[in-house]
Amino acid sequence: MIAVSELTKVYGQTLAVDRVSFEVARGSIVGFLGPNGAGKSTTLKMLTCYLPPTSGGASVNGFDIFKQSEQVRENLGYLPENTPLYPEMKVEEYLDFRGRLRKMDRATRRSRIDYVCDRCWLAPVRRRMISHLSKGFRQRVGLADALLHDPPVLILDEPTVGLDPTQIRESRKLIRELGGKHTVILSTHILPEVEAVCDRAIVIAGGRIVAQGTPEELRTSRRMTARVLVECRGPKQDVENALARVSGVGKVEMLNGDSTYVTAALRPKEGYDIREEVARTVIQNGWPLREIRLESATLEEFFVQVTANQAMAQTETSPT
Amino acid sequence: MSRAITIARREFFSYLFSPIAYVAMFMFLLAAGFLFRMDFQPGQPAVMRTIFEWMVWLLVIIIPLLCMGLIAQEWATGTIETLMTAPVEESDVVIGKFLGSFLLFVLLLVPTLVYVVMLRIYARPDFGPIFSGYLGILLVGALFIAIGLFCSSLTRSQIVAAVLTTAILFVITILPWWVGGEASLPEFGRTLADQMVFRRYTDFAKGVIDIGNFVFFLATTAVFLFLTVKVMESRRWR
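Only a predicted model underlies this, so the values are computations on that prediction, with no experimental measurement involved.

Before going further, it helps to examine unusual backbone geometry. All names here are of chain A. A positive phi angle, close to 55°, is found at glutamate 6, a residue other than glycine. Positionally, glutamate 6 belongs in strand β1 (residues 2-11). Of note, tryptophan 121 is a non-glycine position whose phi angle comes to about 50°, a positive value.

All names here are of chain A. When pLDDT is averaged across chain A, the result is 85; 90% of the residues are at 70 or more. Mean pLDDT across the elements of chain A bottoms out in helix α11 (residues 299-317) (63) and peaks in helix α3 (residues 91-101) (95). Note on residues 316-320: pLDDT is under 50 here. Beyond four places in sequence and across chains, it has zero contacts.

Attention now moves to the pattern of salt bridges. Tallied over the entire structure, the rule returns 27 salt bridges over all chains. A salt bridge links Glu177(A) to Arg119(A); its shortest N-O distance comes to 3.2 Å. Here Glu177(A), found in helix α6 (residues 165-178), pairs with Arg119(A), found in helix α4 (residues 106-119); they are 58 residues apart in sequence, far enough to count as distant. Taken together, the shared-partner salt bridges in this structure form one network comprising Glu88(A), Arg10(B), Glu11(B), Glu74(B) and Lys97(B).

As a further point, take the interface of chain B and chain A. Counting residues at the interface gives 25 residues for chain B and 25 residues for chain A. Of the roughly 2,600 Å² buried between chain B and chain A on both sides combined, carbon and sulfur atoms contribute 56%. Interface area lost by chain B to chain A is led by Arg10(B), Glu81(B) and Thr85(B), which between them contribute 25%. Where chain B meets chain A, there are four salt bridges. Joining chain B to chain A, the criterion identifies 10 residue pairs in polar contact (both at pLDDT 80 or more). Listing elements by their share of the side of chain B that touches chain A, those giving two or more residues are α1 (2-15), α4 (69-77) and α5 (79-84) of chain B. The element best represented in the side of chain B that touches chain A is α1(B), accounting for seven residues.

Burial analysis of helix α1 (residues 40-47) of chain A places eight of its eight residues in the buried class, the great majority of the element. Taken residue by residue, α1(A) has Lys40(A), Ser41(A), Thr42(A), Thr43(A), Leu44(A), Lys45(A), Met46(A) and Leu47(A) as its buried positions.

We now examine the sheet that holds strand β7 (residues 153-157) of chain A. All names here are of chain A. Spatially, the six strands line up as an open sheet ordered β6-β7-β8-β3-β9-β10, and their pairing is mixed. Each edge of the sheet is formed by a strand with only one pairing partner; in this case those strands are β6 (76-79) and β10 (208-213). Pairwise comparison of adjacent strand axes, ignoring direction, gives a mean angle of 15° for this sheet. In the packing of helix α5 (residues 135-147) onto the sheet, the strands contacted are β6 and β7, and the crossing angle to β6 comes to about 165°.

Rules behind the numbers
Residues numbered from 1 in each chain as written. Chains lettered and ligands numbered in written order. Predicted model: local features only at pLDDT ≥ 70, side-chain atom pairs only at ≥ 80, totals over all residues. Heavy atoms only, no water. Helix = DSSP H or I, 4+ residues; strand = E, 2+ residues; numbered from the N terminus. pLDDT = per-residue confidence, 0-100. Contact = heavy atoms within 4.5 Å. Salt bridge = Lys/Arg side-chain N within 4 Å of Asp/Glu carboxyl O. Buried area = accessible area lost by both parts, 1.4 Å probe. Polar contact = N/O pair within 3.5 Å; in protein donor to acceptor, adjacent residues only side chain to side chain. Buried < 20%, exposed > 50% of the residue type's maximum accessible area, 1.4 Å probe, protein only. Pairing = 2+ DSSP bridges. Axes fitted to C-alpha atoms, helices over the stretch in contact; angles between N-to-C directions.

See below:
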């Protein structure tokens, strides 16, 4: 559906996107994940034909972004970063304008505007001026515009930035529902978003793809096993030694506790659930147990790791 | 072309929601009223020459106000991105915006038709020069709008766009008129000054429709529209 090969963008002296290649299957939702300034927006702008790539190419729905720019743009709906809109227009007027630009006839425009307003919960504000809308509603107007012509491909640049938690949840639900029928690429720097919404994630840092796969794959790829946190009252050294002897425990790391309580972070060996054994050991030693908890590996950890690696690699290779 | 018309429509209706358009309209009609009063005196010939000759001066101030936001604002707010990622060409956008502004400019002129009616009531005016005067002011307006549009495409700042437009309009309109009156002006300078907007426009105001003047305005308008398209396209290689 979307095929990107060796896409590169250079702004003056800055390499913003460096030979990025990936493919997105029809109907899937792909999260473009990366810290600010990683090249997410630039990549999306190239896919939407707003900026031409310095080198490399891409196709959207089978159309080449260079040679068939108009067809590409007909086939995609784009929500740019910060949702730029014309503030002096009413919601309906704006959508009607966008429909005319896309050469939709009057009847189609009317029915599609009804549909997208319904889909994006815009019904109560249809006749309001965009300048009077809250950030959340504006975001939905942008999304409604992107959906207006029922495009096979949706490109959403940070669709949930600036929304409150309820709105974020609603938007994610909506995007989730759009998958299947539409192919969606969304960019974000929020990790839970990818875990909540996307089938696949592409992690980009410093203009390069540093990892890609399903959220599940990414989590396991770096052998980031879960840890068990134990908090109990006892002498630090004894606790550490006792826990290290429990079968299945790989590494013991003592975290800072207060004067009486100590906290240990235990990395279980592959395939072990050590919680029961750990609890028994603590109780047998007579140390009052305050908490025992399994902390599953998060994508967040992974993300921090890869992007930090990337930053390090960059400082190493930079000439000065 | 239908996309250009869609954009023109939007642009025109947006004006009606912006205070700038009303400020410009107010200034224009107020000044036009005073000018007409100079022509509209007992014993004077029933003409609108004064109003036409001075209208150009008003346009030097008003057109930059009307045009400053046309594209600059799209750059500044980022709406250009939504606009250009719809299946439209740069030329659609430029022609659309030009037509939208031009339509507003025509709307600005409509109330001045009252003066024609008043002349007709109190006297027997010669409609020839009045017609050519309107034709001239429409042509000058078109050129000025094209220049304003061009300046607006160069920057994200509406203020910069307005100042730049005023500067260019001053140089091609008021400056030649001003130095044209200097006796010490060398021959070359006088010929150059004669080629500029004001002298060509006064021909229309006098009732002379010269094909050369006609072509001059249309061609320069087209040149500035073309340049605007090129500036818009330049984002691709910047």
